[in-house]
Amino acid sequence: MTTSVLIVGAGPTGLTLGCVLARAGVPVRIIDKSPEFHRTSRGKGLNQRSRELLEDLGVAGEAAESGIEHIALRKYRDGVAVADHVAFGDRVPTPDAPYASGLVIPQWRTEEILRGRLASYGVEVELGREMTGFTQDERGVTVTLADGGRVEAGYLVGCDGGHSPVRKALGVGFEGATEAEECMVIGDVEVDGLDPEFWHQWFDEDGAVMLCPFRGSRHWQLQGAVERDAAGHLVEPSLAAFQRLFDRHVRMPGLRPTNPTWLSSYRINVRMADRFRVGRVFLAGDAAHVHSIAGGLGMNTGIQDAFNLGWKLALVARGVAGPGLLATYEEERLPVAAWTLKLTDERLRAVREGVMTAGVGTEAVVTDDITTLGVGYGWSSLAWGGGTSGERAPDAPCVEAGTGRPVRLFEVFAGPHFTLLGFGADSAAALAEVSRACGGLVRTCLVDGRGGAADAAGARGASAWSAGGAGHVELVDAEGHARRAYGGEAGAGDVAPGLVLIRPDNHIAMSAAADRGAEVVDRLRRLGR
């Protein structure tokens, strides 16, 4: 059997990548060696940037209904509650950043939501399909499976975790360090008698227990200090061992963990692949980098890897861009992975130091960095000019000209296309030029801050866009949020940033004067070539 892209591993990274590709019309298969889908909490948080990307895929609302925003942390000392802290409690949504908080949601639910979106594109995860090897040449990749099957693909992506068979088969180095002993035990348990409005955290001088709730579930994720026997050996995680942790640190009579559905232990690994690509084979997520859980960036970094790689693979597979575009995946994401490893090391140290003080818990990890809203690619060869090229593209509320319907810029960006924003009437000619030359690749959007209505042609274009085409849309930025977000001034008439080109992963490719439509066309025609 053949496909354009074969993904190995159906965790959040592989599922996100599958959604991005399938939405773009690229034939994709996703296999996983597991015989069934897991129901464990594992990576339990979506940060603000990942929530934006899930919105692009159309599933942010579903995730929000299953998750907890602004989780409240209740800290205990010597078994007594001493302080509460609300994560990002001082933040509210803003016009340019609609998600003020991350989202506590069990990993199994995130995966379930992404599988649902993938199925809507006609793609199902193939369980019980284990890759045993592959070969590649200039035409593609041939993958062999444990059941004797073979898959021929244009590209192969290993999203198969920290022990990645794909990475090992490539012979790619995975340098770093592993702590000699497990740092915590972890599991999913039921606990009656606790208020599920709080993430309960007991920190003592000699250990800790944390219980994180999940919306609509009786199960909590338990994290705790490891236990050792009389000889100093680590004790395997078990319900009895969890109860001993409760007796030692929680010290609330009658509070007992029951009905465990997951028991495991966690050892800190800090490692990164020295390459994210070899020929037609790519690595993403934990297959490319692993690090401390501090800050909850593991799953989020994988989702963001997938979004970065996905649009590039889609354009190359469709023949819209040249193969050189694929080199920018490693160019952009490898430095981000290195930054993430350093950041999570720093945040882990902050937590370990912070919890020595009564009333301090995992909020010591919370900084603006862990939102990853500030992650950009200013160094990239795809940063084509302008002071913000490579940065995340901000959101802004506007209204659709002609209809008055509220429209956010994120709605305009959503999909497998570039978006060219034109600010003010002076940009109209450039938008038309780019639309004629690259209409299948770019959605054009006139942002007319004067508040005038669109003409009939503009209204027809807006209707085509609303129906799902790339098309053209005209927006009124009456309150000036879009202009401010992109460097203009509210109420400044025709004084505006001109043209801003947004990549399919919602990063800014370039900004330019309103009369430089020809440069945009040239850049897009030469994309990856």
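Keep in mind that this is a model prediction, so the values were computed, not measured. (Residues numbered from 1 in each chain as written. Predicted model: local features only at pLDDT ≥ 70, side-chain atom pairs only at ≥ 80, totals over all residues. Heavy atoms only, no water.)

Novice: Any chance you could break down the pairing of strand S18 (residues 269-273) for me, citing the residues and the numbers?
Specialist: Sheet topology places strand S12 (residues 174-178) next to S18; 5 bridges connect them, and they run antiparallel. Within the sheet, the bridge partner assigned to Phe-174 lies in S18 and is Ala-273. (Pairing = 2+ DSSP bridges. Helix = DSSP H or I, 4+ residues; strand = E, 2+ residues; numbered from the N terminus.)

Novice: Could you give an account of the side chain of Arg-77, naming the residues involved and the relevant values?
Specialist: Following the sequence through the fold, Arg-77 ends up in strand S5 (residues 72-77). The contact partners of Arg-77, leaving out residues within four places of it in the chain, are Val-82, Phe-203, Asp-204, Glu-205, Val-355, Met-356, Thr-357 and Ala-358. (Contact = heavy atoms within 4.5 Å.)

Novice: A description of unusual backbone geometry should follow, citing residues and the corresponding values.
Specialist: With a phi angle near 55 degrees, Phe-88 is a residue other than glycine that sits in the positive phi range. The residue Phe-88 is located in the loop between strand S6 (80-86) and strand S7 (103-104) in this model. The phi torsion at Arg-251 lies on the positive side, around 55 degrees, for a residue other than glycine. You can see Arg-251 is positioned in the loop between helix H6 (239-250) and strand S17 (257-266).

Novice: Now, about the pattern of salt bridges: what can you tell me, with residues and values included?
Specialist: Counting across every chain of the model gives 32 salt bridges. Arg-392 is the partner of Glu-52 in a salt bridge, and the nearest nitrogen-oxygen pair spans 2.8 Å. One end of the pair, Glu-52, is in helix H2 (residues 48-56); the other, Arg-392, is in the loop between helix H8 (327-354) and strand S22 (397-400), with 340 residues separating them in the sequence. Per residue, the accessibility class of Glu-52 equals that of Arg-392, and both read buried. In this structure, Lys-312 and Glu-332 form a salt bridge, with 2.8 Å as the shortest nitrogen-oxygen distance. Residue Lys-312 is found in helix H7 (residues 297-317), and its partner Glu-332 is found in helix H8; the two are separated by 20 residues along the sequence. Like Lys-312, the residue Glu-332 is buried in the burial classification. (Salt bridge = Lys/Arg side-chain N within 4 Å of Asp/Glu carboxyl O. Buried < 20%, exposed > 50% of the residue type's maximum accessible area, 1.4 Å probe, protein only.)

Novice: Could you give me a rundown of the pairing of strand S2 (residues 28-32), with the residues and numbers involved?
Specialist: The element S2 is largely enclosed, with a buried count of 5 among its 5 residues. Between strand S1 (residues 2-8) and its parallel partner S2, the chain crosses via helix H1 (residues 12-23), and the hand of that crossover is right-handed. Relative to strand S8 (residues 126-127), S2 runs parallel, the two sharing 2 bridges. Of the residues in S8, the one forming a bridge with Asp-32 is Leu-127. (Right-handed = clockwise from strand over helix to strand, strands pointing away.)

Novice: Tell me about the sheet that holds S7, and name the residues and values.
Specialist: Ordered in space as S3-S7-S4, the 3 strands form an open sheet in which the pairing is antiparallel. Looking along the sheet, the strands with just one partner apiece sit at the ends: strand S3 (45-46) and strand S4 (68-69). Bridge analysis of S4 against S7 gives 2 bridges, and the strand direction is antiparallel. If you follow Ile-68 over to S7, its bridge partner there is Val-104.

Novice: Outline the sheet that holds strand S14 (residues 198-204), supporting the account with residue identities and numerical values.
Specialist: Overall, mixed pairing links the 7 strands, which are arranged S6-S5-S14-S15-S16-S13-S17 in an open sheet. Looking at which strands have only one partner, the edges of the open sheet turn out to be S6 and S17. When the angles between neighbouring strand axes are averaged without regard to direction, this sheet yields 20 degrees. Those strands touched by H6 are strand S13 (184-191), S14, strand S15 (207-212), strand S16 (219-224) and S17, and its axis lies near 95 degrees from that of S17. (Axes fitted to C-alpha atoms, helices over the stretch in contact; angles between N-to-C directions.)

Novice: Any chance you could break down H2 for me, citing the residues and the numbers?
Specialist: The buried fraction of H2 amounts to 9 of the 9 residues, a majority that puts the element mostly inside the structure. What H2 keeps buried is the set Gln-48, Arg-49, Ser-50, Arg-51, Glu-52, Leu-53, Leu-54, Glu-55 and Asp-56. Count one or two residues on from H2 and you reach Gly-58, which has phi positive near 85 degrees.

Novice: Describe the environment of Gly-285, naming the residues involved and giving the relevant values.
Specialist: Inspection of the secondary structure puts Gly-285 in the loop between strand S20 (281-283) and strand S21 (289-290). A sequence separation of 124 residues divides Gly-285 from Gly-161, and the C-alpha atoms of the two residues are 7.0 Å apart. For Gly-285, the residues in contact, after removing those within four places along its chain, are Thr-13, Gly-302 and Asp-305.

Novice: So what's going on with the packing of aromatic side chains? Residues and values would help.
Specialist: All told, the structure shown has 8 aromatic pairs when counted by the stated rule. Between Phe-276 and Tyr-329 the ring centres are 6.1 Å apart and the planes differ by 45 degrees, which places this aromatic pair in the tilted class. On the criterion of sequence distance, the pair formed by Phe-276 in the loop between S18 and strand S19 (277-278) and Tyr-329 in helix H8 is long-range, its members being 53 residues apart. By the burial criterion, Phe-276 is buried, and Tyr-329 matches it. Ring centres of Phe-410 and Phe-413 lie 6.2 Å apart, and the angle between their planes is 50 degrees; this geometry places the pair in the tilted category. Of this pair, Phe-410 and Phe-413 both sit in helix H9 (residues 409-413), separated by 3 residues, roughly a single helical turn. By the burial criterion, Phe-410 is buried, and Phe-413 matches it. Here the aromatic residues Tyr-155, Phe-276, Phe-282 and Tyr-329 are joined through ring pairs into a cluster of three or more. When the ring centre of Phe-37 is taken as origin, the NZ or CZ atom of Arg-115, which lies over that ring, is 3.7 Å away. (Phe/Tyr/Trp six-rings, centres within 6.5 Å; stacked < 30°, edge-to-face > 60°. Lys NZ or Arg CZ within 6 Å of the ring centre and 35° of its normal.)

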